[in-house]
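# Topology and contacts: notes
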Amino acid sequence: KWKEYYHSVPITRYLTIVPEWKEYKKVNPDEQLIILDPGLAFGTGTHPTTQLSIQGLETELRGGEVVLDVGTGSGVLTIASALLGAKAIHAYDLDEIAVQSAKNNIELNDLTAEITVKENNLLKDVTIEADIVVANILAPIIIKLIPDALRVLKPGGTFITSGIIIDQKDKVVAALVEAGFKLKQINQMKDWFSIIALKPLDDK
């Protein structure tokens, strides 16, 4: 029943999320489509936190980066990263339904070569060096993730967090600063916030 109310959503000027079961005609030739069937996983692309995450990725990706997507859900951010030019994307989720959903959506978009998806608890035991870590999850879990994000990011790397409700924003900001991140940008959509933070270049 919910599929009747799930429509195509333009997220940025160049990226539009299209339900797998709907026909869609591109509005402009540069537009790229994220074909999605979220199933039972979080991440239809319509929520402000997802839109903020994708806008952050579009701001930060230049092409050729290694991206880690923590709490991937439907895989929407991994697909966006690939379309925006990331060289390799590694996606993680604790929920096996989400992992399967992400794999299915990645196949729908013909991006299996660029993306790997694994069941994992945040970034526990992950040793891949990343240019960007993106996490659209709840604020208390973001705070728990911060030390590992700092560990895996290359100096100068970017940590994009979203899923932060208005009354949790200051706690996340304080935790990021205390860990050594430099704040670059804070964006808001409705009652939700996304934070873009940088690992200092001189961090060893």
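The structure displayed is predicted, hence computed values, not measured ones. (Residues numbered from 1 in each chain as written. Predicted model: local features only at pLDDT ≥ 70, side-chain atom pairs only at ≥ 80, totals over all residues. Heavy atoms only, no water.)

Quick look at the packing of aromatic side chains now. Overall, the coordinates contain one aromatic pair when judged by the stated rule. Note on Phe 159 and Phe 181: the rings are 5.4 Å apart at their centroids and 35 degrees apart in plane angle, and the pair reads as tilted. One end of the pair, Phe 159, is in strand E8 (residues 153-165); the other, Phe 181, is in the loop between helix H5 (169-179) and strand E9 (182-189), and 22 residues separate them in sequence. For Phe 181, a relative accessible area of 3% gives the class buried. (Phe/Tyr/Trp six-rings, centres within 6.5 Å; stacked < 30°, edge-to-face > 60°. Helix = DSSP H or I, 4+ residues; strand = E, 2+ residues; numbered from the N terminus. Buried < 20%, exposed > 50% of the residue type's maximum accessible area, 1.4 Å probe, protein only.)

Moving on, we get to the nonpolar core. Of all hydrophobic cores here, the largest spans 29 residues; its most connected members are Ile 34, Ile 54 and Leu 57. Apart from residues lying up to four places away in sequence, Leu 57 is in contact with Leu 77, Ser 81, Leu 84, Ile 132, Val 134 and Ile 160. Residues Leu 122, Ala 130, Leu 145 and Ile 164 belong to the second largest nonpolar core, which totals 28 residues. (Core = buried A, V, L, I, M, F, W, Y, C linked by side-chain atoms within 4.5 Å. Contact = heavy atoms within 4.5 Å.)

In this section: H5. Those residues of H5 lying buried are Val 172, Val 173, Ala 175 and Leu 176. Taken down its axis, H5 places every buried residue within 165 degrees of arc, on the same side. In H5, the exposed residues that point more than 90 degrees away from the buried face are Asp 170 and Glu 178. At the exit of H5 stands Gly 180, carrying a positive phi of roughly 115 degrees. (Arc of directions from axis to C-beta.)

This paragraph deals with the packing of helix H1 (residues 48-60) against helix H2 (residues 76-83). Axes are the key here: two packed helices are described by the angle between their axes and the distance separating the axes. At a minimum axis separation of 10 Å, H1 and H2 run at an interaxial angle of 25 degrees. Here H1 lies roughly parallel to H2, going by the angle between them. As for how H1 packs across H2, the hand of that crossing is right-handed. In contact with Thr 50, Ser 53, Ile 54 and Leu 57 of H1, H2 contributes Val 76, Leu 77, Ala 80 and Ser 81. (Axes fitted to C-alpha atoms, helices over the stretch in contact; angles between N-to-C directions. Parallel < 35°, antiparallel > 145°, perpendicular 65-115°, else oblique. Left-handed = near helix turned anticlockwise from the far one by under 90°.)

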